[in-house]
Amino acid sequence: MKFFSVAATCLLAATTSNAFTTIRPSSLKVCTQSQSTSSNIVRMSASTTEASPFVQGPRIIRDELPIVYVYDHCPFCVRVRLALGVKNVKHTVNFLANDDIPTPTKLIGKKIAPIFAIPEDDFIMGESLDIIEKIDCDERFGATGQILPFTGRKDLKAWQKSVQVLLRTLQRPRYVATGLMPEFQQIDGRHAFIKNHQLPPYEKSEWKGDGTDENPGMPMDEKLKLYAEAMAKDPTPLLEDLNAKLFELDDMVYSEYHCSEGGFSMDDVDLWSRLRSITIIKGVNWPTKLGAYMDNLSALGDVPLYDEMAL
């Protein structure tokens with residue numbers, strides 16, 4: 001096979017609605033003025049004549065479908081799924097259990113995702129940005145160059161960094177608490193995630209290990225306790241902070257179809273894939289434009305949001 005590489009307990013939640021058809025309610029309206037006074041924020045806006053949705057090409061169905069191996073919660077995996085969906089390429093999605101080491105190791109030499117396979121070529125590769133470049137340069141997957149390159153916007157990167165601790169605190173316990181994501185269907189997968197993903201204010205170096213003689217560090221029981229406590233804590237103060245940050249981001253997003261001027265780009269592939277995880281958090285108020293952006297790209301890329309399983 002050709003190989004290519006560039007560069008606590010579970011809380012169960014039931015849902016009876018279809019996440020694929022959810023239209024996001026917005027209890028807040030877009031502000032005409034930015035709610036932040038920061039001089040770093042690039043204010044983006046577009047009239048309906050300036051911004052238009054991505055024009056999707058015809059459905060592409062190969063005799064042997066390309067395959068992606070992913071974790072559902074992983075934004076790097078979502079990048080690839082979104083790109084394939086936008087290009088209208090039918091593909092097989094194989095969700096890996098979070099504790100599954102043999103499968104990715106057999107495919108690409110280590111536990112990593114996403115992994116992309118083209119069976120008709122006996123071809124496998126990793127790294128999300130390299131995979132997307134491969135997809136958008138291969139004429140078998142539609143017209144090439146459909147996804148515009150990164151624009152280099154620093155304001156979006158700065159915003160993402162500003163919410164990193166906040167989102168880790170809210171998202172990580174909810175990933176495993178739903179009991180619904182495919183990688184966390186069994187306790188081993190949930191515990192594997194908790195074992196390796198620290199909660200603020202802990203640093204990765206403080207969290208590693210499981211307290212055993214073979215792997216000293218923070219005991220697993222302590223990690224489970226911290227995840228359970230984080231899930232049980234009243235999220236209201238953190239939600240207020242997050243909602244304010246989303247209003248700030250709404251002012252940076254160019255339109256409900258693409259976040260930067262010029263059209264759908266890698267800016268969208270990266271930003272939307274990260275924002276999708278926020279939909280696991282119940283009680284988030286999405287500004288109108290940003291909420292529409294989330295729904296539009298979910299439909300375009302055929303990647304569902306988490307609204308109906310939000311906690």
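Note that this is a predicted model, so its numbers are computed, not measured. Numbers given to residues run from 1 along each chain, matching the order in which its sequence is written. A pLDDT threshold of at least 70 governs which residues receive local features in this predicted model, and a stricter bar of 80 or more applies before side-chain atom pairs are shown or counted, although totals over entire chains, interfaces and linings include all residues. Think of the side-chain values as coming from all heavy atoms in the structure, minus any hydrogens and water.

## Observations regarding helix α4 (residues 154–162)
Here is the rule we go by: Only protein chains enter the accessibility calculation, which uses a 1.4 Å probe; a residue whose area is less than 20% of its type maximum is buried, one above 50% is exposed, and one in between is partly exposed. Strands here are runs of E lasting at least two residues and helices are runs of H or I lasting at least four, both read from the DSSP assignment and numbered beginning at the N terminus. Note that the arc is defined by the directions from the helix axis to the C-beta atoms. By the convention used here, residues are in contact when the closest approach between their heavy atoms is within 4.5 Å.
Every buried residue belonging to α4 is among Asp155, Leu156, Trp159 and Gln160, and all of these are buried. Buried residues of α4, viewed axially, fall in a sector of 140°; they line one side. Away from the buried face of α4 by more than 90 degrees, exposed residues Lys154 and Lys161 are located. Tucked into the core, α4 has its buried residues touching α5 (164–177), α9 (236–250) and α10 (266–275).

## Considering unusual backbone geometry
Look at the link from Ala113 to Pro114: it is a cis peptide, with omega at 10°. Relative to the helices and strands, Pro114 is located in the loop between α2 (102–108) and β4 (115–118). In this structure, Asn88 is a non-glycine residue whose phi angle is positive, near 65°. Tracing the chain through its elements places Asn88 in the loop between α1 (75–86) and β3 (92–95). The backbone of Asp122 shows a phi angle near 55°, a positive value even though the residue is not glycine. Within the secondary structure, Asp122 is located in the loop between β4 and β5 (123–126).

## Re the pattern of salt bridges
Convention followed: Salt bridges, as used here, are contacts in which a Lys or Arg side-chain nitrogen is within 4 Å of a carboxyl oxygen on Asp or Glu.
The tally for this structure, following the rule as stated, stands at 13 salt bridges. For the salt bridge of Arg81 with Asp72, the shortest nitrogen-to-oxygen distance reads 2.9 Å. Judged by its relative accessible area of 7%, Arg81 falls in the buried class. Asp72 gets classed as buried once you look at its relative accessible area, which sits at 7%. Across the salt bridge formed by Asp72 and Arg276, the nearest N and O atoms sit 3.3 Å from each other.

## Some words on the pairing of β5
We apply this condition: Two strands are said to pair when DSSP picks up at least two bridges between them.
Here β5 shows a buried face lined by Phe123 and Met125 and a second buried face lined by Ile124 and Gly126. As paired elements, β4 and β5 share 4 bridges and run antiparallel to each other. Directly across from Ile115, in β5, lies its bridge partner Gly126. Remark: 4 residues form the turn of the hairpin made by β4 and β5, two consecutive strands paired antiparallel; Asp122 in that turn has positive phi of roughly 55°.

## Side note on the environment of Trp207
By the element assignment, Trp207 lies in helix α7 (residues 204–207). On a C-alpha basis, the gap between Trp207 and Pro219 in space is 8.9 Å, while along the polypeptide they are 12 residues apart. The contact partners of Trp207, leaving out residues within four places of it in the chain, are Ile194, Lys195, Asn196, His197, Gln198, Leu199, Tyr202, Met218, Lys223, Leu226 and Tyr227.

## Some thoughts on the nonpolar core
Here is the rule: What is meant by a nonpolar core is a set of buried Ala, Val, Leu, Ile, Met, Phe, Trp, Tyr and Cys residues, joined one to another through side-chain atoms within 4.5 Å.
In terms of nonpolar packing, the biggest core is built from 77 residues, with Phe116, Leu242, Leu249, Trp272, Leu275, Ile278 and Tyr293 touching the most fellow members. Non-local contacts of Leu242, meaning those with residues more than four positions away in its chain, are made with Leu166, Leu167, Leu170, Ile278, Ile281 and Val284.

## Some thoughts on the pairing of β3
What counts here: Crossovers are described as right-handed under a simple rule: with the strands pointing away from the observer, the path leading from the first strand over the helix to the second runs clockwise.
Examined bridge by bridge, strand β2 (residues 67–70) and β3 share 4 bridges and lie parallel to one another. Across the sheet, residue Val70 finds its bridge partner in β3, namely Phe95. Where the polypeptide runs from β2 across α1 and back to β3, its parallel neighbour, the crossover connection is right-handed.

## Focus: the packing of α4 against α9
Helix-helix packing: each pair is described by the crossing angle between the helix axes and the interaxial distance. The test is simple: For helices, the fitted axis covers only the stretch in contact; all axes are lines through C-alpha atoms, and the angles between them, taken along N-to-C directions, range from 0 to 180 degrees. Reported orientations rely on four angle classes, namely roughly parallel under 35 degrees, roughly antiparallel over 145, roughly perpendicular from 65 to 115, and oblique for the rest.
Contact pair α4 / α9: the axes reach a minimum separation of 11 Å and the direction vectors enclose 175°. On the basis of their axis angle, the class for α4 and α9 is roughly antiparallel. Taking contact as the criterion, the partners of Leu156, Trp159 and Ser162 in α4 are, on α9, Lys245, Leu246, Glu248 and Leu249.

## Some words on the environment of Leu249
Its location among the elements puts Leu249 in helix α9. A relative accessible area of 0% means that Leu249 is categorised as buried.

## Focus on the confidence of the model for the chain
To keep it simple, the criterion reads: A score between 0 and 100, pLDDT records how confident the predictor is in each residue.
For the chain, per-residue confidence averages 87 on the pLDDT scale, and 84% of positions sit at 70 or higher. Taken together, the stretch residues 25–43 has pLDDT below 50 and engages in 32 contacts with residues farther than four places along the chain or on a different chain.

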